Amino acid sequence: MWTLIALLLGFVHVAFALVYLYLTWFHSYWDKRGLVTAKPITLLGSYPGLFGGGTTFIGDLGNIYSKYKGKHRAVGVFLTRQPQIFVLDPALAHEVLVKNFNAYRDTVTSSYVTHSKDYDKYVSRNPFFSAGDEWKKRRTDGGAGLTSNKLKQAYSIWEQTGNMLLDYMARCIEQRSDNVIETRDLCYRYTAQAMGDFIWGIDAGTLTCGPNETSQFLTMNTAWAYHAFQSMRTFNQTAIAPIARRLLRMRFFTQKSDDMYLKLTQDAARLRQSGSGASRNDYLAHLLQLQQKGASYDDMVGHALTLLMDGYETSGAVLYHFLYTLGEYQEQQEKLRAEILNALEADKSITFEQLNALPYLDQCVNESMRLTSAIGFFIKICTKPTTIDLGDGKIVNVEPGTTVLIPTFQIHHDETYYSDPKTFKPERFDNDAAGEFHKRGCFLPFGDGPRICMGMRLGLLNIKMAVVQILSKYKVEQTSKLPLSADSGLGIFLDGDVNLKYTKL
């Protein structure tokens, strides 16, 4: 009896020792290579917030950034047990993303789908999750339908969706005596309607149904995006034991959503090929051109969902944060409204060129994206041996497979680069300052370099059209303060219902 207990206790001790060794095996990795290691290091690495416990991943990034910024260009950290370089100098971020791009071609997300290409097929066809030459081809094929000229040809879609947005808001206000609309839902309805029309040529029904009704398309998109973002957090956690991804057959998109989007794409393509809407210059027309060049339906769905993530989820999030911010800063809202009404004065409509030539609107959008930072960090993978100059004659060798994290949220909120960083000051982006901030690595809402967000132009078109339409008709006011504390897996967002008051002008 006692012998058995002793054996069991001995086994438990050995097991704990092996787990401890496994989790801490690399903890001296950076010290041996001459790079300062950020402290503290827990058994779960440098980011215990990945696993909860009262903090968040973005919060952990902030703690490290605040402790070491200004002292080092970079420090060594650990994504669970994997060695990682944490960038502290925006100039180094620019080097990684742009100047030395060939040494950091891939993103960490490409390593998350190496096990699942046979069953998570639409993720593996997304440039955001692709590596090497596959990424280059998919970006080239998909991005060709998102040029400025292509979006200009499809501009009537956003004009129509903008009008539908105003009609829907009017119906919402009719049903309430306080003029308050839950704006998170409003913005996702708008982006879903625009993307349904642009990508598949359909009326998504998200702005034509009643305020208390939800269309099937919106329900489908919400579930799809939620699962994808939750999976991002899970995949970051499983860096502690990557084999779990294969054993558990982990995936970003569910089989149910794959089947629904495949059917939607097939039905839309066949309807267009039958002659319906044949003259439309939308993304579906581009997908059909790719099909003529050999693209399969799966390839088409992969491109469609790449666009949907940028144009629906990310655009919607940036938009409701922007409107929430304008609701607090009335002086800036009035100045922006004056610019918008002046542009609309001639014929009550705004052209594609005019929409993209409103300087104060650009400043406000840029400042809102800086404050929100929908993508709170970027993680690149070293793809060939290179070095990083740490200053003071010190150099660290970076081996292929090593990840490099760029904390965009922290850089965007650093008073070293932005005075009074928590305050909405659009004027800080006056006189093309955005371009200068970008070159210095201080302003990265879409990333930078060859892998800059493919849907950037599309997202900006979504946001600008909605803001122009809303501010031309309504005064926007906050009804309550919300904490910026909801962790999406990629960034920190407003937590709670975004109830804003819309007063007719």
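Higher on the page you've got the structure.
Reading the values: rules and limits
- Residues numbered from 1 in each chain as written.
- Predicted model: local features only at pLDDT ≥ 70, side-chain atom pairs only at ≥ 80, totals over all residues.
- Heavy atoms only, no water.
- Buried < 20%, exposed > 50% of the residue type's maximum accessible area, 1.4 Å probe, protein only.
- Helix = DSSP H or I, 4+ residues; strand = E, 2+ residues; numbered from the N terminus.
- Pairing = 2+ DSSP bridges.
- Polar contact = N/O pair within 3.5 Å; in protein donor to acceptor, adjacent residues only side chain to side chain.
- Core = buried A, V, L, I, M, F, W, Y, C linked by side-chain atoms within 4.5 Å.
- Contact = heavy atoms within 4.5 Å.
- Phe/Tyr/Trp six-rings, centres within 6.5 Å; stacked < 30°, edge-to-face > 60°.
- Lys NZ or Arg CZ within 6 Å of the ring centre and 35° of its normal.
- Patch = residues over 30% accessible without salt bridge, like charges linked within 9 Å, V, L, I, M, F, W, Y side chains within 5 Å.
- Areas by Shrake-Rupley, 256 points an atom, 1.4 Å probe, with all protein chains shown as cover.
- Salt bridge = Lys/Arg side-chain N within 4 Å of Asp/Glu carboxyl O.
- Axes fitted to C-alpha atoms, helices over the stretch in contact; angles between N-to-C directions.
- Parallel < 35°, antiparallel > 145°, perpendicular 65-115°, else oblique.
- Nonpolar A, V, L, I, M, F, W, Y, C, P; charged D, E, K, R; others polar.

A. Expanded view of the pairing of strand 8 (residues 403-406). On strand 8, burial covers both faces: Thr403 and Leu405 on one face and Val404 and Ile406 on the other are all buried. Summarising the sheet, strand 2 (residues 82-87) and strand 8 pair through three bridges and their orientation is parallel. Across the sheet, the residue bridging to Ile85 is Val404, located in strand 8. In this sheet, strand 8 lies alongside strand 5 (residues 378-381) in antiparallel orientation, the contact comprising four bridges. The partner of Ile379 across the bridge, within strand 8, is Leu405.

B. Quick look at the side chain of Asp298. Tracing the backbone shows Asp298 in helix 14 (residues 297-328). Side-chain polar atoms of Asp298 contact the side chain of Tyr122, separated by 2.7 Å.

C. Layout of the nonpolar core. If you look at the biggest cluster of nonpolar residues, it comprises 162 residues, and the most contacted ones within it are Tyr47, Phe86, Trp158, Phe198, Leu336 and Tyr502. Element by element, the count of residues in this core is highest for helix 14, at 17 residues. With near-sequence residues (within four places) excluded, Phe86 lies in contact with Tyr47, Leu61, Ile64, Tyr65, Arg73, Ala74, Val75, Val77, Leu405 and Pro407.

D. Summary view of the packing of aromatic side chains. Counting across every chain of the model gives 23 aromatic pairs. With centroids separated by 5.2 Å and ring planes inclined at 90 degrees, the aromatic side chains of Phe128 and Phe129 adopt a geometry described as edge-to-face. Taking the relative accessible area as the measure of exposure, Phe128 reaches 38% and is therefore partly exposed. On the numbers, 5.6 Å between centres and 70 degrees between planes, the contact of Trp224 with Tyr261 is edge-to-face. Within this pair, whereas Trp224 is found in helix 10 (residues 216-237), its partner Tyr261 is found in helix 12 (residues 255-273), the two being separated by 37 residues in sequence. For Trp224, a relative accessible area of 2% corresponds to the buried category. Among the aromatic side chains, those forming a connected cluster through ring pairs are Tyr112, Phe128, Phe129, Phe235 and Phe252. Its guanidinium or amino end placed over the ring of Tyr29, Arg33 lies 3.6 Å from that ring's centre, counting from NZ or CZ.

E. Local environment of the pairing of strand 6 (residues 386-391). Pairing analysis gives five bridges linking strand 6 to strand 7 (residues 394-398), with the strands arranged antiparallel. The residue of strand 7 that forms the bridge with Gly391 is Lys394. Where strand 6 hands over to strand 7, the hairpin turn is made up of two residues, of which Asp392 adopts a positive phi near 55 degrees.

F. Structural detail: a nonpolar patch on the surface. Among the surface-exposed residues, Ile243, Leu247 and Leu248 lie close enough to one another that they form a single nonpolar patch of about 370 Å² accessible area. Tracing the sequence through the fold places Ile243 in helix 11 (residues 243-247). Taking the relative accessible area as the measure of exposure, Ile243 reaches 58% and is therefore exposed.

G. Focus on the packing of helix 14 against helix 17 (residues 359-372). Two numbers describe how helix 14 lies on helix 17: the axes approach to 10 Å, and their chain directions differ by 105 degrees. Overall, the two elements helix 14 and helix 17 adopt an arrangement that is roughly perpendicular. Mapping the contact onto sequence places Val318, His321, Phe322 and Thr325 in helix 14 and Cys364, Val365, Ser368, Met369, Leu371 and Thr372 in helix 17. Within the contact of helix 14 with helix 17, the residues separate by chemical class into six nonpolar, four polar and no charged.

H. Examining the sheet that holds strand 5 more closely. On the basis of which strands lie adjacent, the open sheet formed by five strands has the order 1-2-8-5-3 and mixed pairing. Each edge of the open sheet is held by one strand with a lone partner, namely strand 1 (74-79) and strand 3 (106-107).

I. Structural detail: the sheet that holds strand 12 (residues 499-504). Pairing in this open sheet of three strands is antiparallel, and the strands run 4-12-9 from one edge to the other. For this open sheet the edge positions go to strand 4 (180-182) and strand 9 (474-478), each flanked by a neighbour on one side alone. Strand-to-strand twist in this sheet, taken as the mean axis angle between neighbours without regard to direction, amounts to 35 degrees. By the bridge criterion, five bridges tie strand 9 to strand 12 in an arrangement that is antiparallel. By the bridge assignment, Gln478 is partnered in strand 12 with Leu500. Those strands touched by helix 20 (residues 456-473) are strand 9 and strand 12, and its axis lies near 100 degrees from that of strand 9.

J. Quick peek at the side chain of Arg337. For Arg337, the position within the fold is in helix 15 (residues 330-344). Classification of Arg337 as buried rests on a relative accessible area of 3%. Side chain to side chain, Arg337 and Glu334 meet in a polar contact 2.6 Å long. Aside from chain neighbours lying at most four places away, what touches Arg337 is Leu471, Tyr474, Lys475, Val476 and Leu505.

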